[in-house]
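Okay, here's what each chain looks like letter by letter:
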Amino acid sequence: MVFGFGKKRGPSAADQLASGKWKCASCDEWHGWPFDLAAYAPDPWPHEKAYEQNSDLRLEGDFLSEDFCVLSGKHFMVRAILPVPVIGVSGDFAFGCWSTLSETNFDKYIEGFDAGEYADAPHWTGWLMNRIADFVPGPEPLGVIVQPQPGRQRLLLWVQDEGHPLAIAQSEGITAERMLEVFAHYGHAPA
Ligand SMILES: [Zn+2]
């Protein structure tokens, strides 16, 4: 039984997460907290997973770097962070994932990228480009607020539809047990 923490004596799931003493069943390593997961590329990325340099950004054809993605010279995507608090554990879980931006906002993001300065603290909108465990299991488009951060920190994503399970997770937090289920979904189940 993988998720039996609540029924066993010993440390709770929250304790395990917070203590950094969480032995992974699949990679045979000890994981700590925060333990963040990241999608290498937007799910529709059709090529092998290899980054070019940000400075080599091309707005035509297909391009992928650590922070930017362009598909067919028409679709513009950025690497962002989708935070989810875990109840009883300090420090949010952060899922590294990708969102679309309009070409106008993509240009603005690139303009401010090196300085990490975005006038008027904009709230852009986009579409989430990665499935996230069973929060976003299918390809249905999910609208997000895309919020640039100062000082070269990654953009933050907030699910727009307040009734969506992932939006509720972002506003109310998830339990440590649920967090471990998400890690298990990605092959990092506690041993
Ligand atoms: Zn692992």
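Above this text is the structure in question.
Quick caveat, the model's predicted, so the values are computed rather than measured.

S.K.: Teacher, can you tell me more about the coordination of the zinc ion here?
M.R.: Expected angles at a metal are 109.5 degrees for tetrahedral coordination by four donors and either 90 or 180 degrees for octahedral coordination by six donors. Distances from the zinc ion to its protein donors, C24 (SG), C27 (SG), H31 (NE2) and H188 (ND1), fall at 2.0 to 2.3 Å. Given four donor atoms and angles of 104 to 121 degrees at the metal, the environment of the zinc ion is assigned as tetrahedral. Every donor residue of the zinc ion comes from the same chain, spaced as C-x2-C-x3-H-x156-H. On the criterion of sequence distance, the pair formed by C27 in the loop between strand 1 (22-23) and strand 2 (30-31) and H188 in the segment after helix 4 (176-185) is long-range, its members being 161 residues apart. Assessed through its relative accessible area of 29%, C27 is described here as partly exposed.

S.K.: Can you walk me through the side chain of T100 in this structure?
M.R.: Along the polypeptide, T100 turns up in strand 7 (residues 89-101). Note on T100: relative accessible area 15%, which makes it buried. For T100, the side chain forms a polar contact with the main-chain nitrogen of W127, separated by 2.7 Å.

S.K.: Which parts of the structure should I look at to understand the packing of aromatic side chains?
M.R.: To describe a pair of aromatic rings, you give the distance between the ring centres and the angle between the ring planes. Throughout the structure, instances matching the rule amount to 14 aromatic pairs. For the ring pair F76 and F106, a centre distance of 5.1 Å and an interplane angle of 40 degrees mean the geometry is tilted. Of the two residues, F76 sits in strand 6 (residues 75-86) while F106 sits in helix 2 (residues 103-113), which places them 30 residues apart along the sequence. Since its relative accessible area comes to 0%, F106 is described here as buried.

S.K.: What is the right way to read helix 3 (residues 165-172) from this model?
M.R.: Since there are 3.6 residues in each turn of an α-helix, residues three or four apart along the chain are aligned in direction. Looking at helix 3, one finds that the buried residues are L166, A167, A169 and Q170. Projected onto a plane normal to the axis of helix 3, the buried residues spread over an arc of 160 degrees and lie on a single side. Away from its buried face by more than 90 degrees, helix 3 exposes S171 and E172. Each element contacted by the buried residues of helix 3 is listed here: strand 6 and strand 10 (155-159). Just past helix 3, the residue G173 takes up positive phi, approximately 85 degrees.

S.K.: Help me understand the layout of surface pockets in this model?
M.R.: Put simply, the largest pocket is a space of about 170 Å³. Lining the largest pocket are 13 residues, and of these L128, M129, N130, G138 and P139 lie nearest its centre. Here the residues of the lining of the largest pocket sort into eight nonpolar, two polar and three charged.

How each quantity is defined
Residues numbered from 1 in each chain as written. Predicted model: local features only at pLDDT ≥ 70, side-chain atom pairs only at ≥ 80, totals over all residues. Heavy atoms only, no water. Donors = N, O, S within 2.8 Å, 3.2 Å for Na, K, Ca; no water. Tetrahedral: all angles 85-135°; square planar, octahedral: opposite > 155°, others 65-115°. Helix = DSSP H or I, 4+ residues; strand = E, 2+ residues; numbered from the N terminus. Buried < 20%, exposed > 50% of the residue type's maximum accessible area, 1.4 Å probe, protein only. Polar contact = N/O pair within 3.5 Å; in protein donor to acceptor, adjacent residues only side chain to side chain. Phe/Tyr/Trp six-rings, centres within 6.5 Å; stacked < 30°, edge-to-face > 60°. Arc of directions from axis to C-beta. Contact = heavy atoms within 4.5 Å. 1 Å grid on protein atoms, 1.4 Å probe; cavity = no way out; pocket = protein on both sides within 12 Å on 5 of 7 lines; lining within 4 Å. Points joined across faces, edges and corners; volume = space filled by probe spheres on them. Nonpolar A, V, L, I, M, F, W, Y, C, P; charged D, E, K, R; others polar.

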